[in-house]
Amino acid sequence: MPTPTETFADLARARRTIYALGKSSPVPDSKIKELVNEAILHVPSSFNTQSTRLVLLLHDEHEKLWDLVIDTFGELVKTGAVPEEMWRERTLPKLTGMKNAVGTILFYEDPAHIKPFSEKFAIYKDHFTPWAEHSNAMHQYFLWTTLTSLGFGANLQHYNPLIDAPVSEKWNIPREWRLIAQLVFGSPEGGPNEKAQKPVEERVRVFGDKN
Ligand SMILES: Cc1cc2nc3c(=O)[nH]c(=O)nc-3n(C[C@H](O)[C@H](O)[C@H](O)COP(=O)(O)O)c2cc1C
């Protein structure tokens, strides 16, 4: 029987970036909603600020998000800000691939829940925003890893701030919330890319170990 720590390490090992995603879901939507709630309840935040906000878009709503990203980029192609060839050969196929998945989780920070702490604890005032982002990233990692454990593949994207305004408008999300990341998930239709690992000894130092 693996210990809980071994199980947790196995889950961490299994989490990878998967770009080839499909639309079959290994679980009912209620299970995904449950995980999102678990993340919001159990991921820690500095001073317990709880400033992270999550928006779960499933199926048709997920598709609408990626249509919106495609439309936003399409406008940039028209103005010449994005080169036509790059759009046709790289960006559009990539975005169409995102659309062909089950769902996307949008990770936000609500500054209204950070500011009072910055005002109250003057010596830490410049730390609350980065700490909020650390906590936001923990939510991302929790959901990336647990969705993988359910049989999904997932990848993390950053189309913010380009899409912030149209997304706020479409799903009636407070304009002050800051979009941090998008986690796309679906049935894994391909494996992860090969990943080079820098030597562990260069990255970890241990002092005082006895056995
Ligand atoms: C903070 C962070 C930001 C990332 N941003 C992106 C991104 O914008 N687009 C993308 O395709 N992958 C993104 N990734 C995925 C990384 O490229 C990937 O995690 C890394 O290469 C290791 O591969 P693995 O996820 O398979 O372990 C991001 C990962 C992290 C942790």
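Above this text sits the structure in question.
If you're wondering where the values come from, they're calculated on a predicted model, not measured in any experiment.

Undergrad: Which residues make up the packing of aromatic side chains, and what values do they have?
TA: Per the stated rule, a full pass over the model turns up 15 aromatic pairs. Aromatic pair F47 and F128: ring centres 5.1 Å apart, planes at 65 degrees, arrangement edge-to-face. In this pair, F47 is assigned in the loop between α2 (29-42) and β2 (52-58) and F128 in helix α6 (residues 128-149), connecting sequence segments 81 residues apart. By relative accessible area, which is 36% here, F47 ends up partly exposed. By relative accessible area, which is 1% here, F128 ends up buried. Among the aromatic side chains, those forming a connected cluster through ring pairs are F47, F117, F121, Y124, F128 and W131. Above the plane of the ring of W144 lies R15, whose end atom (NZ or CZ) is 4.4 Å from the centre.

Undergrad: Just give me the short version of the packing of α2 against α6, but keep the residues and values in it.
TA: As a packed pair, α2 and α6 sit with axes 10 Å apart at the nearest point and diverge in direction by 150 degrees. Like other packed secondary-structure pairs, α2 and α6 cross with a definite hand, here right-handed. Here I32, L35, V36, E38, A39 and I40 of α2 come into contact with α6, specifically with H139, F142, L143, T146 and L147. For the contact of α2 with α6, a count of residues per class yields 8 nonpolar, 2 polar and 1 charged.

Undergrad: Account for the site of the ligand, naming residues and giving values.
TA: As a structural note, the neighbourhood of the ligand is formed by R15, R16, T17, Y19, W144, L156, Q157, H158 and K195. Measuring from an oxygen atom of the ligand, one finds a side-chain N or O atom of Q157 at 3.1 Å. With respect to the ligand, the side chain of H158 contributes an N or O atom lying 2.8 Å from an oxygen atom. Compared with its free state, where it exposes 620 Å², the ligand has 55% of that area covered by protein. Looking at the shell around the ligand, its residues break down into 3 nonpolar, 3 polar and 3 charged.

Conventions we followed
Residues numbered from 1 in each chain as written. Predicted model: local features only at pLDDT ≥ 70, side-chain atom pairs only at ≥ 80, totals over all residues. Heavy atoms only, no water. Phe/Tyr/Trp six-rings, centres within 6.5 Å; stacked < 30°, edge-to-face > 60°. Helix = DSSP H or I, 4+ residues; strand = E, 2+ residues; numbered from the N terminus. Buried < 20%, exposed > 50% of the residue type's maximum accessible area, 1.4 Å probe, protein only. Lys NZ or Arg CZ within 6 Å of the ring centre and 35° of its normal. Axes fitted to C-alpha atoms, helices over the stretch in contact; angles between N-to-C directions. Left-handed = near helix turned anticlockwise from the far one by under 90°. Contact = heavy atoms within 4.5 Å. Nonpolar A, V, L, I, M, F, W, Y, C, P; charged D, E, K, R; others polar. Near = heavy atom within 4 Å. Polar contact = N/O pair within 3.5 Å; in protein donor to acceptor, adjacent residues only side chain to side chain. Areas by Shrake-Rupley, 256 points an atom, 1.4 Å probe, with all protein chains shown as cover.

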